[in-house]
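The residues making up each chain are set out below.
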Amino acid sequence: MRRNLRILTYLLIFNFLIVILAITYWQVIKRDAIYTHPRNKRLYALEAKTLRGQILDREGKVLAYSKKVDHGYIRVFPEGEVTAHLVGYNSAKYGKAGLEYSANAYLLGLNSEETVFPFLPDLQKERYGYDVFTTIDLPLQELAYRLLGERKGAVVALRPQTGEVLALVSKPSYNPNEVEKNWLFLQKEGNGSPLLNRATQGMYPPGSTLKVVTGAGALKFNPANWTRIFNAPGYVIIRGNRIDDSHVVGKVGFVEALQRSSNYVFATLGLEMGAQNFYDIMQVFGLTDKTPFELPTKKGIVAGPGELVPEALAETAIGQGRTLVTPLHMALVAATVANGGNKVAPYLIKEVRRHDGTVISQTTPAQAQRVVSPDINRKLVEAMRAVVEKGTGRPARLPGISVAGKTGSAENPHGETHAWFIGFAPVENPQVAIAIIVENGGTGGQVAGPIARELFRAVIIDKR
């Protein structure tokens, strides 16, 4: 009997401790995350009594603000479709997206004190949210939106040394002021998925833009590849599978192979470095991961070393096969090379201010991570510069400005190739790194190259 009582006592103590731990976890450790979560119903009641903060570009131009009406406040997005995938939408019926979702706590003016006393704001007569200043350059954002025209696609532009995102465009877009009115249309299959942020969540085969990464791996695996001469026959055959390369025939070196986008050379380099080394270089460039960012992102789809049999490895090394990445992934590849082989973390929120202008937080760029050695990076820059000066990227040339880049025309099962361009400028002191994709646009150099040129012009020449 006494033994049973002792066991029962232990069980009660054990259960009591479990309850205490659970309460501590949810009330202390996860408290802020739960309270500030945009789906917390209490926040909608709080929002009705709060002048929600503004979202602004890097120069203070307003991208979203709240307007008082008879029944409370409505959210207004003055730039409409141009910034829709950045700012998102805010609907009592359909929820929030974009920065309206991820920066919700700031926009409601929540701080640690109000998190502890969640009903305190109800006692205040007037209440203001915090203003969120982004890194976005609105004129550049507008230009990128206009240059894509009526085509589906995306543009990402960022500062390679810091990771500040200057422009992030996805098309087709939608009007965040009319989300509730157009919800059924936006959701309907066959309307182009306008709610999808193609810049951060669109998954595409990278095409020949991936040859920059393959080239980095090949130079790391065997530095002699830099001075090697390849005798390209116009095709490559791996275990009976043929990959054509009719536009590059004869003897070529590394620079000319990238300049003319040789499938033979980069398939060969991929095979020689092997599946594990190839996967490692994809991983170190961040293509196998989900990029940490203020907006939702997707993880790259890359076959593992065990799946990269020779024919699959050769296809993947030239940007085809099963590999899928986002434009944000490829913008970071360009930014890494522009930044001396160091990868930065992208970010969108520059600083947060109170209603009276007091700065309460500023984003400090994260420590860059070394991806390739300075020597390998210097060689990549030289080869990418040749792509724009003498190769497939010539439509991106800008008189008086040195531009480095790589084009891609990614085969896909839905018709015409996707047109890619990644690059940066000026080569000597890069101010901007870019990734552009035009869905089913055709040839990368001819379609995406001119868009890149105009964006480089806007950043480097027009702002002098």
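Residues numbered from 1 in each chain as written. Predicted model: local features only at pLDDT ≥ 70, side-chain atom pairs only at ≥ 80, totals over all residues. Heavy atoms only, no water.

A. Region of interest: unusual backbone geometry. Here the residue pair K171 and P172 is connected by a cis peptide bond, since its omega of 5° sits within 30 degrees of zero. Along the polypeptide, P172 turns up in the loop between strand 8 (165-171) and helix 9 (179-187). The residue after A425, namely P426, is reached through a cis peptide bond having omega -15°. Along the chain, P426 falls in the loop between strand 18 (415-425) and strand 19 (432-438). Positive phi, normally seen in glycine, also occurs at S261, with a value near 60°. On the accessibility criterion, S261 (7% relative accessible area) is buried. In this structure, N440 is a non-glycine residue whose phi angle is positive, near 50°. By secondary structure assignment, the location of N440 is in the loop between strand 19 and helix 17 (444-461). (Helix = DSSP H or I, 4+ residues; strand = E, 2+ residues; numbered from the N terminus. Buried < 20%, exposed > 50% of the residue type's maximum accessible area, 1.4 Å probe, protein only.)

B. Geometry of the environment of K251. Along the chain, K251 turns up in strand 12 (residues 250-252). With relative accessibility at 66%, the residue K251 sits in the exposed group. Sequence-wise, K251 and R228 are 23 residues apart; in three dimensions their C-alpha atoms are separated by 10.0 Å. Once you skip the residues sitting within four places of it in the chain, K251 turns out to touch I229, F230, N231 and E256. (Contact = heavy atoms within 4.5 Å.)

C. Layout of the environment of G304. Position of G304 among the secondary structure elements: in the loop between helix 13 (263-284) and helix 14 (310-317). G304 sits in the buried class, given a relative accessible area of 16%. Residues G304 and Q276 lie 28 residues apart in sequence; the distance between their C-alpha atoms is 8.2 Å.

D. Molecular detail of the sheet that holds strand 17 (residues 404-412). If you walk across this open sheet you meet the five strands as 8-7-19-18-17, and the pairing is antiparallel. Looking at which strands have only one partner, the edges of the open sheet turn out to be strand 8 and strand 17. Going from strand to strand, the sheet's axes swing by 5° on average, the running direction of each strand aside. Where strand 7 (residues 153-158) meets strand 8, six bridges bridge the pair, whose relative direction is antiparallel. Of the residues in strand 8, the one forming a bridge with A157 is A167. (Pairing = 2+ DSSP bridges. Axes fitted to C-alpha atoms, helices over the stretch in contact; angles between N-to-C directions.)

E. Summary view of helix 8 (residues 138-148). Within helix 8 the residues assigned to the buried category are L138, L140, Q141, L143, A144, Y145 and L148. If you follow the buried residues of helix 8, they end up packed against strand 2 (62-69), helix 4 (84-87), strand 7, strand 8, strand 19 and helix 17. Looking one or two places after helix 8, you find G149, whose phi comes out positive at around 60°.

F. Examining the sheet that holds strand 14 (residues 349-353) more closely. Read from one edge to the other, the open sheet built from six strands follows the order 3-2-1-6-14-15, with strand pairing classed as mixed. Edge positions in the sheet fall to strand 3 (72-76) and strand 15 (359-362), since each of these pairs with one other strand and no more. The sheet contact formed by strand 2 and strand 3 spans five bridges and is antiparallel. Counted as the bridge partner of V69 is G72 from strand 3.

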